[in-house]
Amino acid sequence: MHMNTIAFVGAGSMAEAIINGLVNGGVCLPEYIKVTNRSSMERLDFLNQAYGVSVTKNKQETVGGASIIILAMKPKDVKAGIESIKDYVDSSQVIISVLAGISSETIRKLFGKELSIVRAMPNTSAALQRSATALACNSAVTADQLKQAAGLFEAIGTVTHVLEHQLDAVTGLSGSGPAYIYYIAEALEKAAEETGLEKETAKALIAQTLLGAAEMLLTSEKEPAVLRKEVTSPGGTTEAGIEKLEEYKVSEAIAACVKKAKERSHELGEIFAKNALKEHT
Ligand SMILES: NC(=O)c1ccc[n+]([C@@H]2O[C@H](COP(=O)([O-])OP(=O)(O)OC[C@H]3O[C@@H](n4cnc5c(N)ncnc54)[C@H](OP(=O)(O)O)[C@@H]3O)[C@@H](O)[C@H]2O)c1
């Protein structure tokens, strides 16, 4: 795809996952990517060496003239981060925020001007071009700008358009989702060792089982419940195992987990707006 300059403000795990996906997926030349952070030059040097991207502490050099600016700091650092770039940003640029919970309106107020703001909720599987990304945008975003933002995330996985208020639910589901799956993988590994398998053997079997099941979910027209039934012989091993999941109310635990994560996303946005906008209103 054709790519204009992309500036990353924040150089942590989410920024790296996106950079990795863009560069190693061959969808964007590293010279089109500029990265800055707050303090760690060591981290910037690492990204430069690992991916060939340009790195600098200079905020003007990073964001000035970039067609896309990606905000990738932790919520607590957003106010200072925006403060440090706002004078070099104008309405011809598209701001993409991957920040959990923080609304486009809060971001706009912090910049203190009308800007095209796209909110994206990707996940760390972006590093393998396997992110499930959801996008929403403010009313200043043109169809072309949204297409440009979607193109960037399509290069590192799938893109789903949602309403902005739905992003909290997306965050609790697929933004945090890889961690839930790793949690299950950890539990399966522990269980496999307890039932007599070596760690490496278990790890390989678990990863391939997750991959196969995910591919079935993606490609089959059958509902998950039907796919599950196909594995479950009456009176067999799966039925015996699933009886335990029911006994331990795993389904309820998963529902509570996703709900709590969604609520936390909303709460982070509310708390942030209340504190960060005190002197802006
Ligand atoms: N990790 C995920 O799975 C994931 C998924 C979806 C969305 N997100 C969102 O992505 C954002 C970043 O998360 P993360 O996990 O990548 O965090 P992280 O690993 O802690 O990285 C945060 C980065 O922001 C930089 N930073 C802090 N203050 C800054 C400032 N004033 N100016 C410029 N850069 C600044 C930090 O630089 P220093 O190291 O120099 O302090 C660091 O490079 C969060 O808002 C999160 O909600 C994360």
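Per an unreviewed UniProt entry, the protein chain goes by the name Pyrroline-5-carboxylate reductase and belongs to Metabacillus idriensis. In its Function (unreviewed entry) section, the UniProt entry covering the protein chain states "Catalyzes the reduction of 1-pyrroline-5-carboxylate (PCA) to L-proline." Under the heading Sequence similarities (unreviewed entry), UniProt records this for the protein chain: "Belongs to the pyrroline-5-carboxylate reductase family."

Novice: Which residues make up the site of the ligand, and what are the values?
Specialist: Neighbouring residues of the ligand: 23 residues in total, closest A11, M14, R38, S39 and M73. At a separation of 3.0 Å, an oxygen atom of the ligand approaches a polar backbone atom of S13. Separating an oxygen atom of the ligand from a backbone N or O atom of S39 is a distance of 2.7 Å. At the level of elements, α1 (13-24) and α4 (78-85) are the ones that each hand at least two residues to the shell around the ligand.

Novice: Outline the packing of helix α7 (residues 167-175) against helix α8 (residues 177-194), listing residues and values.
Specialist: Running from amino to carboxyl end, α7 crosses α8 at an angle of 30 degrees, the nearest separation of the two axes being 5 Å. Taken as axis vectors, α7 and α8 run roughly parallel relative to one another. Of α8, the residues touching α7 (which contributes G172, L173, S174 and G175) are G177, P178 and Y180. Of the residues in the contact of α7 with α8, the class split is three nonpolar, four polar and no charged.

Novice: Lay out the UniProt feature "domain: Pyrroline-5-carboxylate reductase catalytic N-terminal" (unreviewed entry) in the protein chain with the relevant residues and their values.
Specialist: The feature "domain: Pyrroline-5-carboxylate reductase catalytic N-terminal" (unreviewed entry), as annotated in UniProt, sits at residues 5-101 in this numbering. Between the end C-alpha atoms of residues 5-101 there is a gap of 26 Å, over a span that is 37% helix and 19% strand.

Novice: I'd like to hear about the sheet that holds strand β5 (residues 94-97), residue by residue, with values.
Specialist: Sheet architecture is open: eight strands sit in the order β3-β2-β1-β4-β5-β6-β7-β8, paired in mixed fashion. What marks the edges here is a single partner per strand, and that holds for β3 (54-55) and β8 (157-161). Across four bridges, the pairing between strand β1 (residues 6-9) and strand β2 (residues 33-36) is parallel. Each residue of the ladder has a partner; that of V9, found in β2, is T36. Along the sheet, α1 makes contact with β1 and β2, crossing β1 at roughly 155 degrees. Helix-sheet contacts for helix α6 (residues 143-154) involve β1, β4 (68-71), β5, β6 (116-121), β7 (131-137) and β8, and the interaxial angle to β8 is about 145 degrees.

Basis of the calculations
Residues numbered from 1 in each chain as written. Predicted model: local features only at pLDDT ≥ 70, side-chain atom pairs only at ≥ 80, totals over all residues. Heavy atoms only, no water. UniProt positions renumbered as here; feature names shortened; annotations may be inferred. Near = heavy atom within 4 Å. Polar contact = N/O pair within 3.5 Å; in protein donor to acceptor, adjacent residues only side chain to side chain. Helix = DSSP H or I, 4+ residues; strand = E, 2+ residues; numbered from the N terminus. Axes fitted to C-alpha atoms, helices over the stretch in contact; angles between N-to-C directions. Parallel < 35°, antiparallel > 145°, perpendicular 65-115°, else oblique. Contact = heavy atoms within 4.5 Å. Nonpolar A, V, L, I, M, F, W, Y, C, P; charged D, E, K, R; others polar. Pairing = 2+ DSSP bridges.

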